[in-house]
Amino acid sequence: MKYISPALTVMTAAARKAGRGLIRDFGELENLQVSMKGPADFVSTADKRTENLLVEELKRVRPGYTFLVEEAGIVEGPDKTHRFIIDPIDGTTNFLHGIPHFAISIGLEREGQLVSAVVFNPVTDEMYVAEKGAGAWLNDKRLRIAARRKLNESILATGIPFLGHGDTAVFVAELNAAMATTAGVRRFGAASLDLAYVAAGRFDGYWERGLSAWDVAAGILLVREAGGVITDLGGGADVLGGQILASNEYLHPQILKLLKDAAKSAKS
Ligand code: IPD
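Throughout what follows, the structure given in this document is the object of discussion. (Residues numbered from 1 in each chain as written. Predicted model: local features only at pLDDT ≥ 70, side-chain atom pairs only at ≥ 80, totals over all residues. Heavy atoms only, no water.)

**Regarding the nonpolar core**
Core analysis: the largest hydrophobic core is formed by 38 residues, its most contacted members being Tyr128, Tyr206, Leu222, Val223, Ile230 and Ile244. Among the elements that take part in this core, helix H6 (residues 213-225) stands out by supplying nine residues, more than any other. Once residues within four sequence positions are removed from consideration, isoleucine 230 is found in contact with Leu195, Ile220, Val223, Arg224, Val239, Ile244, Leu245, Ala246 and His252. Formed by 32 residues, the second largest nonpolar core is a distinct cluster that contains Ala15, Ala18, Val69 and Phe120. (Core = buried A, V, L, I, M, F, W, Y, C linked by side-chain atoms within 4.5 Å. Buried < 20%, exposed > 50% of the residue type's maximum accessible area, 1.4 Å probe, protein only. Helix = DSSP H or I, 4+ residues; strand = E, 2+ residues; numbered from the N terminus. Contact = heavy atoms within 4.5 Å.)

**With respect to the packing of helix H4 (residues 168-181) against helix H7 (residues 251-267)**
In contact at an axis separation of 8 Å, H4 and H7 are set at 135° when each is read in the N-to-C sense. By the angle between their directions, the pair H4 and H7 is classed as oblique. As for how H4 packs across H7, the hand of that crossing is right-handed. Of the residues in H7, those touching H4 at Ala169, Val170, Ala173, Glu174, Ala177, Ala178 and Thr181 are Leu258, Leu259, Ala262, Ala263, Ser265, Ala266 and Lys267. (Axes fitted to C-alpha atoms, helices over the stretch in contact; angles between N-to-C directions. Parallel < 35°, antiparallel > 145°, perpendicular 65-115°, else oblique. Left-handed = near helix turned anticlockwise from the far one by under 90°.)

**Considering the site of the ligand**
Neighbouring the ligand are 13 residues, the closest being Asp87, Asp90, Gly91, Thr92 and Glu208. Here an oxygen atom of the ligand and a backbone polar atom of isoleucine 89 are 3.3 Å apart. Take aspartate 90: an N or O atom from its side chain is 2.6 Å from an oxygen atom of the ligand. Protein chains shield 85% of the accessible area of the ligand, which is 380 Å² for the free molecule. Here the element with the most residues in the shell around the ligand is strand S3 (residues 79-90); it accounts for three residues. (Near = heavy atom within 4 Å. Polar contact = N/O pair within 3.5 Å; in protein donor to acceptor, adjacent residues only side chain to side chain. Areas by Shrake-Rupley, 256 points an atom, 1.4 Å probe, with all protein chains shown as cover.)

**Remarks on the pairing of strand S9 (residues 155-158)**
One ladder, built from three bridges, connects S9 with strand S10 (residues 184-186); its direction is parallel. In the sheet register, leucine 156 faces S10, and the bridge partner there is valine 185. Taken together, S9, H4 and S10 constitute a β-α-β crossover, and its handedness is right-handed. Relative to strand S11 (residues 205-208), S9 is paired through three bridges, and the arrangement is parallel. Each residue of the ladder has a partner; that of leucine 156, found in S11, is glycine 205. (Pairing = 2+ DSSP bridges. Right-handed = clockwise from strand over helix to strand, strands pointing away.)

**Notes on the sheet that holds strand S5 (residues 113-121)**
Within the open sheet, the eight strands sit side by side as S2-S1-S3-S4-S5-S6-S7-S8. Their pairing is mixed. Two strands in the sheet have a free side with no partner beyond their single neighbour: strand S2 (73-75) and strand S8 (141-142). One ladder, built from four bridges, connects strand S6 (residues 126-131) with strand S7 (residues 135-138); its direction is antiparallel. Opposite valine 129, over in S7, you have tryptophan 137 as the bridge partner. Those strands touched by helix H5 (residues 191-199) are S3, strand S4 (103-110), S5 and S6, and its axis lies near 70° from that of S6. Taken strand by strand, H6 contacts strand S1 (65-69), S3, S4, S5, S6, S7 and S8, and its axis lies near 105° from that of S5.

**As for H6**
In this model H6 runs 18 Å from its N-terminal to its C-terminal C-alpha over 13 residues, within 8% of the 18 Å that 1.5 Å per residue would give. In terms of residue burial, H6 counts as a mostly covered element, since 12 of its 13 residues are buried. For H6, the full list of buried residues reads Ala213, Trp214, Asp215, Val216, Ala217, Ala218, Gly219, Ile220, Leu221, Leu222, Val223 and Glu225. Directly after H6, the chain includes glycine 227, whose backbone phi takes a positive value near 95°. (Expected span 1.5 Å × (residues − 1).)

**Some words on the pattern of salt bridges**
For the structure shown, the criterion picks out 10 salt bridges. We note a salt bridge from glutamate 76 to lysine 80, for which the minimum N-O separation is 3.2 Å. The exposure classification of glutamate 76 matches that of lysine 80, with both residues exposed. Note that glutamate 174 is salt-bridged to arginine 209, the shortest N-O span being 2.6 Å. Of this pair, glutamate 174 sits in helix H4 while arginine 209 sits in the loop between S11 and H6, and the two are 35 residues apart along the sequence. Take glutamate 174: its relative accessible area is 1%, and that puts it in the buried class. (Salt bridge = Lys/Arg side-chain N within 4 Å of Asp/Glu carboxyl O.)

This is how it looks when you write it as structure tokens:
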């Protein structure tokens, strides 16, 4: 990467340090799978410990910044113009089940604009980074969004509502529409990596409802800096508000229409 800001250097160092702990925890989990309560408690402790470590590491070098984090919520700092948005383990359910697809996600906002991003999968050692205006990168490789223009050649990723959350009827209608028109739909279970995969051109698009800002903040910048288009599911700019659609400029309007029509039909 040609330009790495001091903030991004700090963020990648914190993610690597937290990643080493998560790898140890992930290994330990194998010994705990026998009891149901064991792994769930263990993972929630790992989640909190990772979050604390990330906040401590980042606070040490950026003491005044505000934080929005999954477990502790908003941690106000005197500097209201900078905010870290952090998910210590995105893909917690994968982690709990021993599936090596989860990530540490750290986004940095300056005056409400996402400016730096890190999504790190410690198992595969894939470090996705982006800097506003300087591109998105996977390790040392520049990321570019896929160039496909036809839905019937495209793979989309999504998230499936679970445990009674979300609007199942709307999701089923959307899925039906995507199944009928695309080359396939995937559900990998970590929103930050879904967005990173869109940035890397692996998925042609990704949509989901019911998300939190920490799931997507870093991934949003990855997609933008890889040349992608990202909106909420109304086509608007509220991308941290819980619903998201990411793709390239050709497919985005097609997918948006598909999903809008499907949601409308589910409600009528
Ligand atoms: C979850 C993952 C998952 C998405 C869920 C999120 P978490 O985040 O990103 O892919 O479908 O909506 O809550 O809970 O593992 O940090």
